[in-house]
Structures are given as structure tokens and as C-alpha cells.
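Structural features, examined
The chain contents come next:
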Amino acid sequence: MDIFDDISKNVAKAAKIATQKTGDFINQGKIKFALANLQSDLDELYEELGRLHYDNVSLGVSHGAKEAAIIRKIDSLKADMEILKAEVAKAPKERICPECRKTVKNGLSFCPYCGEKIH
């Protein structure tokens, strides 16, 4: 029975590690998705700021309160994006082989342990 206990413990440990690694990848996907959404919001604010600036210059008006508010929003979004970019940079530089489930470095085409093609 001891061998079955050892096998059970090893399977449970492997499942825990796999779940943690999967969670890390999912978290990275969420961060990248949030970053893309912030970039889209930033692009819209730049467009709005450009339109507003053009209208103000056309009317001979210097920077208005609306422009200042948009600039503050842009600065805030850019700060948020830098935080998310730092999170992405801290991402693990490894993946899990789909065949042997061992950790392999990103950029490899084949698993160095079992030879399986890494996608």
C-alpha cells in the first residue's frame, strides 16, 4: 500500500503544480487583455484631445479645462499601462511540455526532455 500512497502524493503534487502553472498563464492573458483595453482607451483619448485642440485653436482659444482633464486621464492610463507592462515583464520565461509536462524555456521548438514539438 505504501507505493500507492506515494503515487497518490506524487499525482496530487503534480496536479497542484500544473494548476499553479496554468493559473500563471491565465493571469498573464488577463493582464495582456487589460493592457490592450487600456491602449484602446488611450487611443480614444488622444483622438478626443486632438479634436478638442483643433477646435480650440480654430477658435483662437488656448488650452481649456477639458483639454487639461483629458491630459490627466491620459497620464493616469499611461501610468496604469506601465504597471501592467512591468507585470508582463515579470512573467515566467517557461512553458509546460504538453507531452511530459516538464517545464521548458520559451523559444524552444522541441522539448529537451522528450522531444515533443512545443506549440
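Predicted, not measured: the structure shown is a model, and the values here were computed from it. (Residues numbered from 1 in each chain as written. Predicted model: local features only at pLDDT ≥ 70, side-chain atom pairs only at ≥ 80, totals over all residues. Heavy atoms only, no water.)

1. Observations concerning the side chain of Asn56
Locating Asn56 in the fold gives a position in helix 1 (residues 2-58). Residue Asn56 is classed as buried on the basis of its relative accessible area of 13%. Once residues within four sequence positions are removed from consideration, Asn56 is found in contact with Val61, Ser62, Gly64 and Glu67. (Helix = DSSP H or I, 4+ residues; strand = E, 2+ residues; numbered from the N terminus. Buried < 20%, exposed > 50% of the residue type's maximum accessible area, 1.4 Å probe, protein only. Contact = heavy atoms within 4.5 Å.)

2. A few points about the pattern of salt bridges
Applying the stated criterion to the full structure yields 2 salt bridges. Glu47 is the salt-bridge partner of Arg51, the closest N and O atoms lying 2.6 Å from each other. Here Arg51 and its partner Glu47 are both found in helix 1, 4 residues apart, which amounts to about one turn of the helix. For Arg51, a relative accessible area of 46% puts it in the partly exposed group. Here Lys85 and Glu82 are joined by a salt bridge, their closest N and O atoms 3.9 Å apart. Note that Lys85 and Glu82 are positioned in helix 2 (residues 65-89) at a spacing of 3 residues, about one turn of the helix. Given the relative accessible area of 41%, Lys85 is considered partly exposed. (Salt bridge = Lys/Arg side-chain N within 4 Å of Asp/Glu carboxyl O.)

3. Brief notes about the packing of aromatic side chains
Overall, the coordinates contain 0 aromatic pairs when judged by the stated rule. Across from the ring centre of Phe110, 5.3 Å away, lies the NZ or CZ of Lys117, which sits over that ring. (Phe/Tyr/Trp six-rings, centres within 6.5 Å; stacked < 30°, edge-to-face > 60°. Lys NZ or Arg CZ within 6 Å of the ring centre and 35° of its normal.)

4. Topic: the confidence of the model for the chain
Mean pLDDT over the chain works out to 80, with 76% of the residues at or above the 70 mark. Taken element by element, the predicted model of the chain shows its lowest mean pLDDT in helix 1 (75) and its highest in helix 2 (88). (pLDDT = per-residue confidence, 0-100.)

5. Focus: unusual backbone geometry
Comment: phi is negative for the bulk of residues other than glycine, and the bulk of peptide bonds are trans. In this model, Arg101 sits at a positive phi of 65 degrees, which is unusual for a non-glycine residue. Structurally, Arg101 can be placed in the loop between strand 1 (94-96) and strand 2 (103-105).

6. Describing the nonpolar core
Counting residues in hydrophobic clusters, the biggest one holds 12 residues: Ile31, Leu35, Leu38, Leu42, Leu45, Leu49, Leu52, Ile70, Ile74, Leu77, Met81 and Leu84. Of all the elements in the fold, those that place two or more residues in this core are helix 1 and helix 2. Apart from residues lying up to four places away in sequence, Leu49 is in contact with Glu67, Ile70, Ile71 and Ile74. (Core = buried A, V, L, I, M, F, W, Y, C linked by side-chain atoms within 4.5 Å.)

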